[in-house]
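# Topology and contacts: notes
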Amino acid sequence: MRILHTADWHLGKNLEGQSRMDEQEQFLNDFVDIVQENNIDLIMIAGDIYDNPNPPARAEKMFYDTLKRISKNGERLTLVISGNHDNPDRLVAAGPLARDHGIIMVGTPKTVVPCGQYGKHKVLDSGEGFIEIEVNGERSVILTVPYPSEKRLNEVLYDGMDEEEEKVKSYSDRIFLLFNSLKQHYREDTINLAIAHLFTMGSEEGGSERSIQLGGSYIVDGECFPKESQYVALGHVHKPQVVPGTQKRIRYCGSPIHYNKKEISFEKKCFIVDAKVNEECEIREISLKVYKPIEVWKCNSIEEAILMCEENKDKECWVYLEVKTDRYIREDEIKQMKEFKKDILEIMPKVKGLSMDDSEGLNLSEKSFEDIFKEFYEKERKVEPDEEVVDLLLSIVSEESALDETN
Ligand SMILES: [Mn+2]
């Protein structure tokens, strides 16, 4: 069985308010080619299909269009699980229609995939957290763990048990319990796989945002995954990597596109896995193109910045422009830069000789966001802001940063 492992497409994602959907569309076109050229039997998409629980219509259209093309009228099987960015109910809503095209959608760890025909292939057996499939005469048992939030995890683990029990164990222990109970479905005569969307300890986030879950509770130990799994297709971390100590069989494939400045050093990949019953998998890496790189331009003066924009006006790239200057950059200068180079994401003046220590009155770092806002409001409006306004602003800001900081 030849498997293609991908994840974290984040369709519909923006960067500094700029849509990345043109790049995503280019990737999806190339992805369809990779599937066809490599005669893939099974595509595993390990969550975060969309960037947002309520994705733009174009993102949904791109996803369905891609599924239809890779399906080839049901000749190929695709398995999709939801990530923390997806709305599980919404993601699987198209499941019944997708079935004829050989597409299996799993929304939560509790989802039970209906048995029967999926395009030209079959789901022979299923239950919470697993499916047994038959693809071109080969059988495989796949453990399916879409993003296991605390709530979803407890629903599947402790159904009918008293609450005291669940408090005893850490998140990681509970994920271990889940896999430990699911692995009983593995057999000697099946290809034994797993697909999950979660963060594993020791995996290198490499800048793909500090996750708020890293406060501790949502990290799982690499030992949580069954030794019996021949391959585990993971999603959530944007840098492709093997989970340490797992003999290369447990991997994050990463996201197909550089989604922010911190990711620009990552190579973008997906993995092709040849799996046979009772044998070690053969794994091949496919490198993906960078469609529109994110660049940081450092300029020593405003004039140099304008010149750089002019010289590179036809270059396809997103730009963060850092400009050293001893005065503010004027509106007309900003306009000039943006007229030359249309994809400037941000212009960051670096005031010469000004550092946080010696800039009196500017030591923002010591003040809370709330205080800074109040001071600003009082200065502009000459009155104190209502508590309601402050609360609303703080709630919006905290939601935004929560969204930003998860993978
Ligand atoms: Mn994620």
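Refer to the structure printed above.
The residue numbering used here restarts from 1 in each chain and proceeds along that chain's sequence as written. Where totals are concerned, whole chains, interfaces and linings use all residues; where local detail is concerned, this predicted model gives features only for residues with pLDDT of at least 70, and gives and counts side-chain atom pairs only at 80 or more. Side-chain numbers here rest on the full set of heavy atoms in the structure, without hydrogens or water.

## Remarks on the overall build of the protein
Using the following cut-off: Numbering of helices and strands runs from the N terminus, with a helix taken as a DSSP run of H or I at least four residues long and a strand as a DSSP run of E at least two residues long. Under the scheme applied here, a residue whose accessible area is under 20% of the maximum for its type counts as buried, over 50% as exposed, and between as partly exposed, the area being computed with a 1.4 Å probe on protein chains only. Whether two residues touch is decided by their heavy atoms; if any such pair falls within 4.5 Å, the residues are in contact. In these tables, accessible area is a Shrake-Rupley quantity obtained with a 1.4 Å probe, and a residue counts as shielded only by the protein chains included in the view.
If you tally the helices and strands in the protein, you get eleven helices and 21 strands. Residues classed as buried in the protein amount to 49% of the 407 residues present. Contacts in the protein between residues at least 24 apart in sequence constitute 66% of all its contacts with a sequence separation of at least 6. Of the roughly 20100 Å² of accessible surface on the protein, 48% is carried by carbon and sulfur atoms.

## A word on helix 2 (residues 57-71)
As a reminder, the rule being used: The span one expects for a helix is its residue count, reduced by one, times 1.5 Å. In this context, the arc is that of the directions from the helix axis out to the C-beta atoms.
Across its 15 residues, helix 2 extends 21 Å between first and last C-alpha, which sits within 8% of the 21 Å expected from 1.5 Å per residue. Within helix 2, the full set of buried residues consists of Ala59, Glu60, Met62, Phe63, Thr66, Leu67, Ile70 and Ser71. The arc that holds the buried residues of helix 2, viewed along the axis, is 160°, so those residues lie on one side. Away from the buried face of helix 2 by more than 90 degrees, exposed residues Ala57, Lys61 and Lys68 are located. On its buried face, helix 2 sits against helix 1 (21-37), strand 4 (42-46), strand 5 (77-81), helix 3 (88-92) and strand 6 (103-106). Among the residues trailing helix 2, lysine 72 stands out with phi positive, at a value near 50°.

## Here we look at the environment of phenylalanine 266
On the secondary structure map, phenylalanine 266 appears in the loop between strand 16 (250-252) and strand 17 (269-274). Residues phenylalanine 266 and glycine 254 lie twelve residues apart in sequence; the distance between their C-alpha atoms is 8.9 Å.

## Here's the deal with the environment of histidine 236
As a reminder of what qualifies: Residues adjacent in sequence count toward polar contacts only when both atoms are side-chain atoms; beyond that, a polar contact is any pair of N or O atoms within 3.5 Å, and within protein one must be able to donate a hydrogen and the other to accept it.
Looking at the element boundaries, histidine 236 is found in the loop between strand 14 (231-235) and strand 15 (241-242). Sequence separation between histidine 236 and histidine 197 is 39 residues, and the spatial gap between their C-alpha atoms is 5.6 Å. Here asparagine 84 takes part through its side chain, which lies 3.3 Å from a polar atom of the side chain of histidine 236. Within the structure, the side chain of histidine 236 is placed 3.0 Å from the side chain of histidine 197, a separation counted as a polar contact.

## Regarding the packing of aromatic side chains
Put simply, the rule is: Each aromatic pair joins two rings of Phe, Tyr and Trp (for Trp, the six-membered one) with centres within 6.5 Å, and gets the label stacked for planes under 30 degrees apart, edge-to-face for over 60, and tilted for any other angle.
Applying the stated criterion to the full structure yields eight aromatic pairs. Here tryptophan 9 and phenylalanine 63 contribute two aromatic rings whose centre-to-centre distance is 6.3 Å and whose plane-to-plane angle is 80°, an arrangement assigned as edge-to-face. On the criterion of sequence distance, the pair formed by tryptophan 9 in the loop between strand 1 (2-6) and strand 2 (14-15) and phenylalanine 63 in helix 2 is long-range, its members being 54 residues apart. With 5.7 Å between their ring centres and 75° between their planes, tyrosine 50 and phenylalanine 63 make a pair best called edge-to-face.

## Examining the pattern of salt bridges
Rules: By convention in these notes, a salt bridge is any Lys or Arg side-chain nitrogen within 4 Å of a carboxyl oxygen on Asp or Glu.
Summed over all chains, the structure comprises 33 salt bridges. Residue glutamate 23 pairs with arginine 20 through a salt bridge whose shortest N-O separation is 2.8 Å. Of the residues examined, glutamate 23 reaches a relative accessible area of 5% and is grouped as buried. Salt-bridge contacts for glutamate 285 lead to lysine 269; the nearest nitrogen and oxygen are separated by 2.9 Å.

## Details of the sheet that holds strand 5
Stated formally: Strands are treated as partners if at least two bridges between them are detected by DSSP. Angular values range over 0 to 180 degrees, each being the angle between N-to-C directions of two axes fitted as lines to C-alpha atoms, with helices fitted over their stretch in contact.
The strand order across the open sheet formed by six strands is 6-5-4-1-17-18, and the pairing between neighbours is mixed. Each of the sheet's edge strands pairs with one partner strand only, and the pair in question is strand 6 and strand 18 (282-287). Geometrically, the sheet is characterised by an average inter-axis angle of 20° between neighbouring strands, direction not taken into account. Alignment of strand 17 against strand 18, held across six bridges, turns out to be antiparallel. Across the sheet, isoleucine 272 pairs through a bridge with arginine 284, a residue of strand 18. Sheet strands touched by helix 1: strand 1, strand 4, strand 17 and strand 18. Its angle to strand 1, the strand with the most contacts, is close to 165°.

## Structural notes on the sheet that holds strand 14
Strand order in the open sheet formed by eight strands is 7-8-9-10-11-14-16-15, with mixed pairing between adjacent strands. In the strand order of this sheet, the two ends are held by strand 7 (116-118) and strand 15, each with one partner. Here helix 7 (residues 171-182) sits on the sheet in contact with strand 10 (138-145) and strand 11 (191-197), set at roughly 155° to strand 10.

## Considerations on unusual backbone geometry
Even without glycine at this site, aspartate 8 takes up a positive phi of about 50°. Position of aspartate 8 relative to the elements: it lies in the loop between strand 1 and strand 2. A relative accessible area of 0% means that aspartate 8 is categorised as buried.

## With respect to a negative patch on the surface
Our working rule: To count toward a patch, a residue needs a relative accessible area above 30% and no salt bridge. Like charges then connect within 9 Å, nonpolar side chains (Val, Leu, Ile, Met, Phe, Trp, Tyr) within 5 Å. The charge count includes Lys and Arg as positive and Asp and Glu as negative, but it does not include His or the ends of the chains. Positions of charges follow a simple convention, taking NZ of Lys, CZ of Arg, CG of Asp or CD of Glu.
Residues Glu378, Glu384, Asp386, Glu387, Glu388 and Asp391 make up a contiguous surface patch of negative charge. Looking at which element gives the most residues to the negative patch, the answer is helix 11 (residues 387-404), with three residues. By secondary structure assignment, the location of aspartate 391 is in helix 11.

Read these as layout, nothing more, since geometry by itself doesn't imply function.
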